[in-house]
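# Results of the structural survey
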Amino acid sequence: MMTQQFHKFWLKITAIVIGSFAPVFFLGTMLTTAEPARFTLDLLSLPLDGVQTYQEPTTRFLSALAGGFLFGWGVMVWCLSAWVYDKAPEAVRKTVVTGVLSWFVLDSSGSIASGNASNAFINIIVLFIAIGPLWRPAKS
């Protein structure tokens, strides 16, 4: 199960997990389509209480930035799996795992510091899905 071919497949799962948040946050840039982003923030900052809104232009701007970064990061992981993995499988694996762990530490720390510790717990789930079998080197 821990073959290089399976790792290459899982990198695409990782790319989808990362990139799947991008359209949600992109929609948050416009008031008429912001509800999915608003609901996502409400869910990530449990309890579901409607406190999170997208009324402020700065929130919508940050949503645009987050959507762009997440889309670009997801595309980059996909491209690493398609164009680089066969040449340097262990380097790609380590790079992606390091990137996901870096996201986890900073996002979770920031969530806790901003009073949204529930997101740190949700991040654990996303971390395990995104990294999956990439935790360990593949067998050649």
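Within every chain, residues take consecutive numbers counted from 1 along the sequence as written. Confidence filtering applies because this is a predicted model: local features only for residues at pLDDT of at least 70, side-chain atom pairs given and counted only at 80 or more, and all residues used for totals across whole chains, interfaces and linings. Computation of side-chain values: all heavy atoms of the structure, hydrogens and water removed.

## Some words on the packing of aromatic side chains
Stacked, tilted and edge-to-face pairs are distinguished by plane angle, under 30 degrees for stacked and over 60 for edge-to-face with tilted covering the rest, among Phe, Tyr and Trp rings (Trp via its six-membered ring) whose centres lie within 6.5 Å. Taken as a whole and judged by the stated rule, the model has 5 aromatic pairs. For the pair F6 and W10, a centre-to-centre distance of 5.9 Å together with 45° between the ring planes defines the contact as tilted. Placement of both F6 and W10 in helix α1 (residues 4–19) is noted, with a separation of 4 residues, approximately one turn of the helix. Centroid distance F128 to W135: 6.4 Å. Interplanar angle 55°. Geometry classified as tilted. Burial classification: accessible surface area is computed with a 1.4 Å probe over protein chains only, and a residue below 20% of its type maximum counts as buried, one above 50% as exposed, and the rest as partly exposed. W135 sits in the partly exposed class, given a relative accessible area of 36%. Three or more aromatic residues joined by ring pairs form one cluster here, namely F6, F9 and W10. The ring of W78 has K12 sitting right over it, with the charged end atom 5.1 Å from the ring centre. Think of it this way: any DSSP run of H or I at least four residues long counts as a helix, any run of E at least two long counts as a strand, and we number them from the N terminus. Put simply, a charge is over a ring when the Lys NZ or the Arg CZ is close to the ring centre, within 6 Å, and near the line of the ring normal, within 35 degrees.

## Observations concerning the layout of surface pockets
If you add up the space inside the largest pocket, you get close to 930 Å³. The definitions used throughout rest on a 1 Å grid laid over the protein atoms alone, on which a cavity is an enclosed set of points accommodating a 1.4 Å probe that cannot get out and a pocket is an open set flanked by protein within 12 Å on both sides along at least five of seven lines; lining residues are those having an atom within 4 Å of a point. Taken together, 30 residues line the largest pocket, and the ones lying closest to its centre are F25, L41, L44, D107 and N119. Elements that contribute at least two residues to the lining of the largest pocket include exactly α1, α2 (21–27), α3 (35–44), α4 (57–84), α5 (89–113) and α6 (117–131). Think of it as three bins: nonpolar holds Ala, Val, Leu, Ile, Met, Phe, Trp, Tyr, Cys and Pro, charged holds Asp, Glu, Lys and Arg, and polar takes everything else, Gly as well. Split into classes, the residues belonging to the lining of the largest pocket amount to 19 nonpolar, 10 polar and 1 charged. Grid points are joined across faces, edges and corners, and a volume is the space filled by probe spheres set on the points.

## Points about unusual backbone geometry
A cis amide bond links L46 to the next residue, P47, at an omega of 10°. Within the secondary structure layout, P47 lies in the loop between α3 and α4.

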